[in-house]
Structures are given as C-alpha cells and as structure tokens.
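Residue-level listing of the chains:
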Amino acid sequence: MSLLIRGGEIVTADRRYRADVLCDAGLIQAIGPDLEAPTGAEVVDAGGLLVMPGGIDPHTHMELPFMGTVASEDFFSGTSAGLAGGTTMIIDFVIPAPGASLLDSFHTWRGWAEKAAADYSFHVAVTHWSDKVHEEMGVLAREHGVNSFKHFMAYKGAIMVDDDILLRSFSRALELGAIPTVHAENGEAVAFMQKALLAQGITGPEGHALSRPPTVEGEAAQRAIAIAGLLGAPVYIVHVSTAEATAAIARARLEGQRVYGEVLAQQLVIDESVYENKDFATAAAYVMSPPFRPKHHQKALWAGLVSGQLQTTATDHCAFCAPQKAAGRDNFTLIPNGTAGIEDRMSVLWHHGVRTGRLTPEEFVAVTSTNTAKIFNIHPRKGAVEVGADADLVLWDPDRSRTISAKTHHQKIDFNVYEGMELTGLAATTISQGRVVWHKGELRTERGAGRYIDRPCFPPTLEALGLLNATAKPVGVAR
Ligand code: URQ
Ligand code: ZN
Ligand code: ZN
C-alpha cells in the first residue's frame, strides 16, 4: 500500500524545503509540492514536522555475549526502541571468540538478527589472525556485503589484538576495499592499571574510570592512525571520548589522511561524576569502555562534531541490567561493560545540538544518518530523502518535549543513562520500508521485518593498487 507524507518540510544533509513524499514498495517514489494521494494510499499529515532520513546507528551490540553474560537487549526489542526514537537502521557487530571462524560467527549473528524490526548490517571483528582469517575476510567482503572490519585494541586476554594483527588486518582490508575500524584503548595499559588499583583496594566502579584515563585512548587512537597511515589505509575510530583522540584525528585529517571519528550521544552529555555515586548499581550502570570523562572532554567532542573532525554519532547500545552488573560488586573489572541509548540518541543530539545552536538541522541529519551511510557505502539507498531511496524516514517534531525514564522507554534494560533529562525534539512518526512503525507514541513494529543490508566494498584506492603493484605480495599482508 502506498503512503503519502503530506505538508512536511524536508530536511536533508544539504538543504531544507517544503514538499510531500510518496512511498510505495518500500521506496521513495516521488517528492514534490501538493502530490496527489493514489487511490487507497495511507496519508500522514506532516504539517509542522520535519521529514528527515531515518537515523542510522553505526554502533550497537544487540544480545552480545560478553564478560560472562549476554546483553539484555535483543535484535527485535532494540530495533523497535530505535524506531521509537527515529533510528531506522543499525550496524551491529559480529565478534568471533578468539580462534573462532569469522564466517561461522557471521552466520550465527545473522540468525540472531532475523527477529529485527528494522534494517541492520554488521561490522565483523578480527579477534585473532591466521590464513583462514585472511581468507574469510575476503569471503565476507566479496560475498556477504561486509565492508568494515573491527579491531579491539582493549580487552586483553579476550578479544584484544596486537599491532602485528592490526598491520596484517588493515592491509587485508585495504586490499579488499573495506574500512578498518578500531576500539582505541591501550589494553596493556588498562590491564596494568586494573591490577594496580585492585592491589590498592580500589574495587568500586570508580576504579573502572581510573584504570582507563584519557591517555589510554589518545595513545591507541594515535597508534591506529599511524598504522593506517603507514599502509595508506583508511581508519574509523569508534566511540571517541577524549580531547586527545579528537586532536589525533583532526591532525591526521589535516595531513590528508582518511580518518573518521564517531562519538556517542552519551559521551556528549554525561561526565565522569556518575562514578562518584555511592549507590553501586547506579555507578555500575555507567560502566562502559571508554568510560565517561571529565567535563572538558565534552567540549572537545562537541567541537570535533561541529567542525566536522568527528563525522558520526552512535550509541554503542550494549545493555546489561542491574543483576548482570552486580557480577562486579567486589571487583570493578568484572562489571559487564556497556550502556544503552538507541532510543534517545536523536533527541539528545537535537536538544543539546540543534536547540543550542551548535548544529544546524542539516548538520543534525548528517551526523545522525547521512555521514554514516556515506562512510559505509550505503548512500543514497540509506541516509537520503530522494526518489529511489529506501523509504526510511522520521517525521521529526522539533518542539515537543519528553522526560527520559527507564519507566517509559522501550529499551530492554532497567536503567536509562539519561534518567530524568527533559529533551525537546522527538520522533512523532517513524517510517521503515514505507510503513508507519511508530506513530504518536504507538509502536507498530513487526518481528522479523528488518532486512540484512549489504554494504559493497569500495573500489581499490591508489594506495592499495600501489601496494599491490609494488611487490609480488602487498606490503604487510603476510599470510
Ligand atoms: O567495547 C565495546 O564497544 C563493546 C564491548 C560494548 N561495551 C562497552 O563498554 N563499550
Ligand atoms: Zn568498544
Ligand atoms: Zn561497541
């Protein structure tokens, strides 16, 4: 059935203008003033609302097995909560256990995600190295639409990889036309600091932040950028949380290196004082890596976002409830790392970004949707309001307010990091594949309606071609 969105103002990453939008067969079919409603069409009144590309969250972990437990949010509930907040697509992560097949793990995650209510894709993590990993990266890139490979520089003894693997994997990604992404924290330093703090008797959640000071991120970000630069590979730094990493990205970009930075909505508005809370459950609820930072880092992150040095916003939605967090009651290193936020990201960015004048509405669209679509090569299918694009749209009410609470959110977690915050700007209606799935507070999501979205690799860059031609075997791509 066709859907006519009437009377709204379209806002894209480039411009804003008054026009109607006609959707059918999951796609945008027509855009223009005063469109006729086809017979039988559903008509949604968008008067006074902004018609924007649905948000894309490039960093989520639905039902992730991690630190001895499994994230409480599953692919259906998490994507439904995202739709309630205006996010119409997620890019989640396949994280193979060290030694496990990347391809088998990919198929496992694909099975879990079949219940999703909205479209999804996967970054695949390289958590060890072997000839088989080298080969499977090729299969994933060429046959399964994976154009991004993740590397954890933290989590020693678990999924952390060393510089040798970064060099081999970044080279392989470059060769394939895929983009390496990194969780940039020096895992050796974290392990060392954790031991020292526990030895001093510091066991509470405050120890988590103390064990991962900003330097730990700044150094790792610089190292990942240097390794990528050595190879001529692009690199995407996830959940940038510090002035140090933001500066490292800006420096590299100024020198012409293709480096991207992602910032979490949570990190833009929450600071490290949350760890001072005497209530363990509350402080532990904020334990995530990298941790929340002293306030001045937020100023640097906003400056990075406003100046274009940081290109995307995400949530790293990785939900653990209080009973799960309690595993670290007597030892902060055992608290499952992760916070949630997929439902509130866009309202946080509108309230603290657009309403404060930091971002224009167009820039809001860029950092919540379009930039991610471009970086991961799914634009203009996603992140666009144009004929032929997927009909993933949010009808945004720029003036309506809501108070955030775990009591009313749709996320499957017993805590909300924004609890009590009043935010202005919300999704009045969300449209996924041309269907109204969220309207005036009512979720109409369908389990399994989400599709896996292929993300084609990029054409080989000159560096890659150069590397390939320079020697019989590309430099650094050791078997
Ligand atoms: O490190 C990540 O991104 C995953 C494991 C989620 N947890 C977290 O604390 N960020
Ligand atoms: Zn991470
Ligand atoms: Zn993550």
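Refer to the structure printed above.
Everything quoted here is computed from the prediction, not taken from an experiment. (Residues numbered from 1 in each chain as written. Chains lettered and ligands numbered in written order. Predicted model: local features only at pLDDT ≥ 70, side-chain atom pairs only at ≥ 80, totals over all residues. Heavy atoms only, no water.)

1. Concerning the coordination of the zinc ion (ligand 3)
Where we set the bar: Only nitrogen, oxygen and sulfur atoms qualify as donors, and only when within 2.8 Å of the metal (3.2 Å in the case of Na, K and Ca); with water excluded, sites may look incomplete. A site with four donors is called tetrahedral when every donor-metal-donor angle falls between 85 and 135 degrees; four donors are called square planar, and six octahedral, when opposite donors sit more than 155 degrees apart and all other angles fall between 65 and 115; any other arrangement is irregular.
Only His59 (NE2), His61 (NE2) and Asp316 (OD) from the protein reach the zinc ion (ligand 3) as donors, at distances of 2.0 to 2.3 Å. Each of the four donor atoms around the zinc ion (ligand 3) contributes to a set of angles spanning 86 to 130°, which defines the coordination as tetrahedral. Along the chain, the residues that donate to the zinc ion (ligand 3) are spaced as H-x1-H-x254-D. In this structure, the zinc ion (ligand 3) lies 3.6 Å away from the zinc ion (ligand 2).

2. A few points about the site of ligand 1
This is how it is decided: We call a residue near a molecule or strand as soon as one heavy atom of that residue lies within 4 Å of the molecule or strand. Under this definition, polar contacts are N or O atom pairs within 3.5 Å; protein pairs additionally need one hydrogen-donor-capable and one acceptor-capable atom, and for neighbouring residues in sequence, both atoms have to be side-chain atoms. In short, Shrake-Rupley with a 1.4 Å probe defines the accessible areas, and a residue's cover is counted only from the protein chains shown.
Taken together, 13 residues are adjacent to ligand 1, and Tyr155, His183, Ser289, Asp316 and Asn337 come closest. A distance of 3.4 Å is found between an oxygen atom of ligand 1 and a side-chain nitrogen or oxygen belonging to His61. Contacts to ligand 1 include Ser289, whose backbone N or O atom sits 2.7 Å from an oxygen atom. Taken by itself ligand 1 offers 280 Å² of open surface, and the protein chains cover 100% of this.

3. A few points about the packing of aromatic side chains
Both the distance between ring centres and the angle between the ring planes are used here to describe each pair of aromatic rings. Convention followed: Pairing of aromatic rings covers Phe, Tyr and Trp, the last counted by its six-membered ring, and requires centre-to-centre distances within 6.5 Å; plane angles under 30 degrees mean stacked, over 60 mean edge-to-face, and any other angle means tilted. Lysine and arginine charges are scored as sitting over a ring when NZ or CZ, respectively, is within 6 Å of the ring centre and within 35 degrees of the ring normal.
On inspection of all chains with the given rule, the structure shows 17 aromatic pairs. When the centroid spacing of 5.9 Å and the interplanar angle of 75° are considered together, the rings of Tyr286 and Phe292 count as edge-to-face. Site record: aromatic cluster; members linked through ring pairs are Phe75, Phe106, Tyr120, Phe122 and Tyr452. The ring centre of Tyr17 lies 3.8 Å from the NZ or CZ of Arg15, which sits over that ring. In this structure, Arg358 is placed above the aromatic ring of Trp302, and the distance from its NZ or CZ to the ring centre is 4.3 Å.

4. So, the sheet that holds strand E6 (residues 42-45)
Here is the rule we go by: Each pair of strands is called paired provided DSSP finds at least two bridges between the two strands. Only DSSP runs of H or I reaching four residues or more are called helices, and only runs of E reaching two or more are called strands; each is numbered from the N terminus. Throughout, an axis means a line fitted to C-alpha atoms (over the contacting stretch in the case of helices), and angles, computed between N-to-C directions, take values from 0 to 180 degrees.
Pairing in this open sheet of four strands is mixed, and the strands run E5-E4-E1-E6 from one edge to the other. Each end of this open sheet is capped by a strand with a single partner; those strands are strand E5 (27-32) and E6. With direction set aside, neighbouring strand axes in the sheet form an average angle of 20°. As judged from the three bridges shared by strand E1 (residues 3-6) and strand E4 (residues 20-24), these two strands associate in the antiparallel manner. Across the sheet, the residue bridging to Leu4 is Leu22, located in E4.

5. Description of the pattern of salt bridges
To keep things clear, this is the line we draw: Here, a salt bridge means any side-chain nitrogen of Lys or Arg that lies within 4 Å of a carboxyl oxygen of Asp or Glu. Categorising residues by exposure relies on relative accessible area from a 1.4 Å probe, with only protein chains included: less than 20% of the type maximum marks a residue as buried, more than 50% marks it as exposed, and the intermediate range marks it as partly exposed.
The full count for this structure, using the stated rule, is 21 salt bridges. Asp392 serves as the salt-bridge partner of Lys382, at 2.6 Å between the closest nitrogen and oxygen. Pair noted here: Lys382 is in the loop between helix H14 (361-375) and strand E18 (393-403) and Asp392 is in the loop between H14 and E18, with a separation of 10 residues, a long-range link. Given a relative accessible area of 2%, Lys382 falls into the buried group. Residue Arg444 pairs with Glu442 through a salt bridge whose shortest N-O separation is 3.3 Å. What makes Glu442 partly exposed here is its relative accessible area of 42%. When salt bridges with common partners are traced through the structure, they connect Asp119, Arg381, Lys382, Asp390, Asp392 and Arg451 into a single cluster.

6. A few points about the coordination of the zinc ion (ligand 2)
The protein atoms donating to the zinc ion (ligand 2) are His183 (ND1) and His239 (NE2), with metal-donor distances spanning 2.1 Å. Angles of 57 to 146° at the metal separate the four donor atoms of the zinc ion (ligand 2), which places the site in the irregular class. Judged by its relative accessible area of 2%, His239 falls in the buried class.

7. Let's talk about the environment of Asn147
Position of Asn147 among the secondary structure elements: in the loop between helix H3 (131-143) and strand E13 (148-152). Sequence separation between Asn147 and Thr79 is 68 residues, and the spatial gap between their C-alpha atoms is 22 Å. In this structure the side chain of Asn147 is engaged in a polar contact, spanning 2.9 Å, whose partner is the backbone oxygen of Phe376. Only 2.9 Å separates the side chain of Asn147 from the backbone oxygen of Pro456, close enough to count as a polar contact.

8. Overview of the sheet that holds strand E20 (residues 435-439)
Counted only if it meets this: Any two residues whose heavy atoms approach within 4.5 Å at even a single point are treated as in contact.
Across the sheet, seven strands lie side by side as E3-E2-E7-E18-E19-E20-E21; this open sheet has mixed pairing. Each end of this open sheet is capped by a strand with a single partner; those strands are strand E3 (16-18) and strand E21 (442-443). One ladder, built from four bridges, connects strand E19 (residues 422-432) with E20; its direction is antiparallel. Its bridge partner being in E20, Thr430 is matched across the sheet by Trp438. Relative to E19, helix H13 (residues 345-354) is tilted by about 135°, and along the sheet it contacts strand E7 (50-53), E18 and E19.

9. Examining empty space enclosed by the protein
Rules: Within this scheme a cavity is a closed region of a 1 Å grid, computed over the protein atoms alone, that accommodates a 1.4 Å probe without allowing it to escape, whereas a pocket is open but has protein on both sides within 12 Å along at least five of seven lines; lining residues each have an atom within 4 Å of a point. Grid points are joined across faces, edges and corners, and a volume is the space filled by probe spheres set on the points. Ten residues, namely Ala, Val, Leu, Ile, Met, Phe, Trp, Tyr, Cys and Pro, are considered nonpolar, four, namely Asp, Glu, Lys and Arg, are considered charged, and the remaining ones, Gly among them, are considered polar.
In this structure the tally under the stated criterion is four cavities of 30 Å³ or more. Empty space within the largest cavity amounts to approximately 130 Å³. If you go around the largest cavity, you meet 17 residues; those closest to its centre are His61, Phe66, Tyr155, Asp316 and Asn337. Each residue belonging to the lining of the largest cavity can be placed in one class, and the counts come to eight nonpolar, seven polar and two charged.

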